[in-house]
Amino acid sequence: MSTATLPASNKSWLDRLPVISHLRMSSGLQRGMLIAGLILSGLFIITALFAPLIAPFDFAQSSDASGDFPRQAAPDSKFIWGTTATGYDVFSRTLFGAQTAIWVILAAVVMSLFLGVLLGLVSGYLGGWFDRIAVVLSDAIYAFPSLLLAIVMSIVISQGQSSLFGGVMAAAVSITVVFIPQYFRVVRAEVMRLKAEPFVESAQVIGASPWRVMFAHLLRNATRTLPLIFTLNATEALLTLAGLGFLGFGIEPTSASEWGYDLNRAMSDATSGIWWTGLFPGLAIVLTVMGLTLVGESMNDLNDPRLRRFSRKKAKRITQSGQVGASK
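Residues numbered from 1 in each chain as written. Predicted model: local features only at pLDDT ≥ 70, side-chain atom pairs only at ≥ 80, totals over all residues. Heavy atoms only, no water.

### Here's the deal with the packing of aromatic side chains
Part 1 of the reasoning: What the rule picks out here adds up to 10 aromatic pairs.
Part 2 of the reasoning: Between the aromatic rings of Phe-44 and Trp-259, the centroid separation amounts to 6.4 Å while the plane-to-plane angle is 55 degrees, which identifies the pairing as tilted. In this pair, Phe-44 is assigned in helix α2 (residues 28–54) and Trp-259 in helix α10 (residues 259–270), connecting sequence segments 215 residues apart. Neither residue differs from the other here; Phe-44 and Trp-259 are each classed as buried.
Part 3 of the reasoning: On the numbers, 5.6 Å between centres and 65 degrees between planes, the contact of Phe-59 with Phe-96 is edge-to-face. One end of the pair, Phe-59, is in the loop between α2 and β1 (63–64); the other, Phe-96, is in helix α3 (residues 90–126), with 37 residues separating them in the sequence. As far as the burial class goes, Phe-59 and Phe-96 line up, both buried.
Part 4 of the reasoning: In textbook terms, an aromatic cluster arises when at least three aromatic residues are bridged by ring pairs, as seen for Trp-81, Phe-91, Trp-275, Trp-276 and Phe-280. (Phe/Tyr/Trp six-rings, centres within 6.5 Å; stacked < 30°, edge-to-face > 60°. Helix = DSSP H or I, 4+ residues; strand = E, 2+ residues; numbered from the N terminus. Buried < 20%, exposed > 50% of the residue type's maximum accessible area, 1.4 Å probe, protein only.)

Below you can see the structure in the form of structure tokens.
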């Protein structure tokens, strides 16, 4: 009897988690990309969580007991990444910028995930006029430019006051509206496929209500690909927030630290040879987006058997297992 592979039922719940299961089945370049993405994404999350402990100064602090901070000071022992034109510490603002970014990502993606999944379940299971209207609306929303919608929402929500709540909610609401159709279409397609399965028909025969069928039987089976969409949409949420700040519709520096706003202020510095005020916020955006993109793309490749790559040892083990099964 071959013991090369274990049935899925023998695997623990930890091994079936999205990222861990993808890491176990990956190999070679795919595993390297996934690990690199996880490291970058992990650094981003750790920075956001522990920014107040790591940063030597507050994000809007421009003085201490020794006096006012120098403006546009080059990196030194006290200000390791230099200071901005207003005397803020670049290192501290870059760290606190991760907090603002993660607030937008969580608010935007969680709201769109909740609404998109709910609409997809109801539309796919019930069908009829509600399904037709929902599909037409989801197609129409795709025509909305997310950044333009974010600018309009920032004006409506914040009313000219670029506070932390206004900036975060402006980006989150606009991204939520644009992302809902993505979750809606994925869940709707899965529900329409699954509602003809025997386990759904059995639940209907014994008298289960439509809501119980949707949430007790269809929800878990129709949302297996959502972690992949979550990682890819998180990058767009971050870039939308940075775009708002860069165009001047973001958050004021006294309310919160935001990478796009710092890049906007660093444009005039670059012409004077002051590189540190724009380099580090820009690198933070690039590395964070790269990390989330690598995780999402690696998960996408591993979900598709045509793109999945096995190591020689794993491929040999699978071949031997098949030969043993054939011989029996």
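There's more to say after this.
### Describing the environment of Ala-108
Part 1 of the reasoning: Structurally, Ala-108 can be placed in helix α3.
Part 2 of the reasoning: Residues Ala-108 and Ala-237, spaced 129 residues apart in sequence, show a C-alpha to C-alpha distance of 7.1 Å.
Part 3 of the reasoning: Discounting chain neighbours no more than four positions away, the residues touching Ala-108 are Ala-172, Ile-175 and Thr-176. (Contact = heavy atoms within 4.5 Å.)

### What to know about the environment of Val-177
Part 1 of the reasoning: The residue Val-177 is located in helix α6 (residues 164–194) in this model.
Part 2 of the reasoning: Sequence separation between Val-177 and Ala-150 is 27 residues, and the spatial gap between their C-alpha atoms is 9.9 Å.

### Things to note about a nonpolar patch on the surface
Part 1 of the reasoning: Among the surface-exposed residues, Ile-45, Ile-46, Leu-49, Phe-50, Leu-53 and Ile-54 lie close enough to one another that they form a single nonpolar patch of about 600 Å² accessible area.
Part 2 of the reasoning: Note on Ile-54: relative accessible area 42%, which makes it partly exposed. (Patch = residues over 30% accessible without salt bridge, like charges linked within 9 Å, V, L, I, M, F, W, Y side chains within 5 Å. Areas by Shrake-Rupley, 256 points an atom, 1.4 Å probe, with all protein chains shown as cover. Salt bridge = Lys/Arg side-chain N within 4 Å of Asp/Glu carboxyl O.)

### Comments concerning the packing of α3 against α10
Part 1 of the reasoning: Put simply, α3 and α10 touch, their axes get as near as 9 Å, and they point 135 degrees apart. Relative to α10, the element α3 is oriented oblique. Each of Arg-93, Thr-94, Gly-97, Ala-98 and Ala-101 in α3 lies in contact with α10, whose residues at this interface are Trp-259, Tyr-261 and Asp-262.
Part 2 of the reasoning: Here the contact of α3 with α10 is composed, by residue class, of 4 nonpolar, 2 polar and 2 charged. (Axes fitted to C-alpha atoms, helices over the stretch in contact; angles between N-to-C directions. Parallel < 35°, antiparallel > 145°, perpendicular 65-115°, else oblique. Nonpolar A, V, L, I, M, F, W, Y, C, P; charged D, E, K, R; others polar.)

### Things to note about the packing of helix α4 (residues 128–141) against α6
Part 1 of the reasoning: Between α4 and α6, the least distance of the axes is 9 Å, while the angle of their chain directions is 135 degrees. Comparing the axis directions of α4 and α6 gives the class oblique. When the axes of α4 and α6 are compared, the crossing they make is left-handed. Contacts between α4 and α6 involve Asp-131, Ala-134, Val-135, Ser-138, Asp-139 and Ile-141 on the former and, on the latter, Val-177, Val-178, Pro-181, Phe-184, Arg-185 and Arg-188.
Part 2 of the reasoning: Its residues assigned to classes, the contact of α4 with α6 comprises 7 nonpolar, 1 polar and 4 charged. (Left-handed = near helix turned anticlockwise from the far one by under 90°.)

### Digging into empty space enclosed by the protein
Part 1 of the reasoning: One pass over the full model with this rule turns up 1 cavity of 30 Å³ or more.
Part 2 of the reasoning: Of the volumes computed, that of the largest cavity is approximately 30 Å³.
Part 3 of the reasoning: A class-by-class count of the residues in the lining of the largest cavity yields 2 nonpolar, 3 polar and 2 charged. (1 Å grid on protein atoms, 1.4 Å probe; cavity = no way out; pocket = protein on both sides within 12 Å on 5 of 7 lines; lining within 4 Å. Points joined across faces, edges and corners; volume = space filled by probe spheres on them.)

### Comments concerning the side chain of Thr-83
Part 1 of the reasoning: By the element assignment, Thr-83 lies in the loop between β2 (67–68) and α3.
Part 2 of the reasoning: A polar contact of 3.2 Å, which involves the side chain of Thr-83, links it to the backbone nitrogen of Gln-72.
Part 3 of the reasoning: Every residue in contact with Thr-83, bar those within four places of it in the chain, is listed here: Pro-70, Arg-71, Gln-72, Ala-73, Tyr-88, Asp-89, Val-90, Trp-276 and Thr-277. (Polar contact = N/O pair within 3.5 Å; in protein donor to acceptor, adjacent residues only side chain to side chain.)

### Notes on the nonpolar core
Part 1 of the reasoning: In terms of nonpolar packing, the biggest core is built from 49 residues, with Ile-105, Leu-218 and Trp-259 touching the most fellow members.
Part 2 of the reasoning: For this core, the secondary-structure elements that each account for two or more residues are α2, α3, α5 (146–158), α6, α7 (198–205), α8 (210–222), α9 (226–246) and α11 (276–303).
Part 3 of the reasoning: Looking at this core element by element, the count peaks at 11 residues for α3.
Part 4 of the reasoning: Excluding residues within four positions of it along the chain, Ile-105 makes contact with Phe-44, Val-110, Ala-234, Ala-237, Leu-238 and Leu-292.
Part 5 of the reasoning: Judged by nonpolar contacts, the second largest core, of 6 residues, contains Ala-51, Phe-59, Leu-95 and Phe-96. (Core = buried A, V, L, I, M, F, W, Y, C linked by side-chain atoms within 4.5 Å.)

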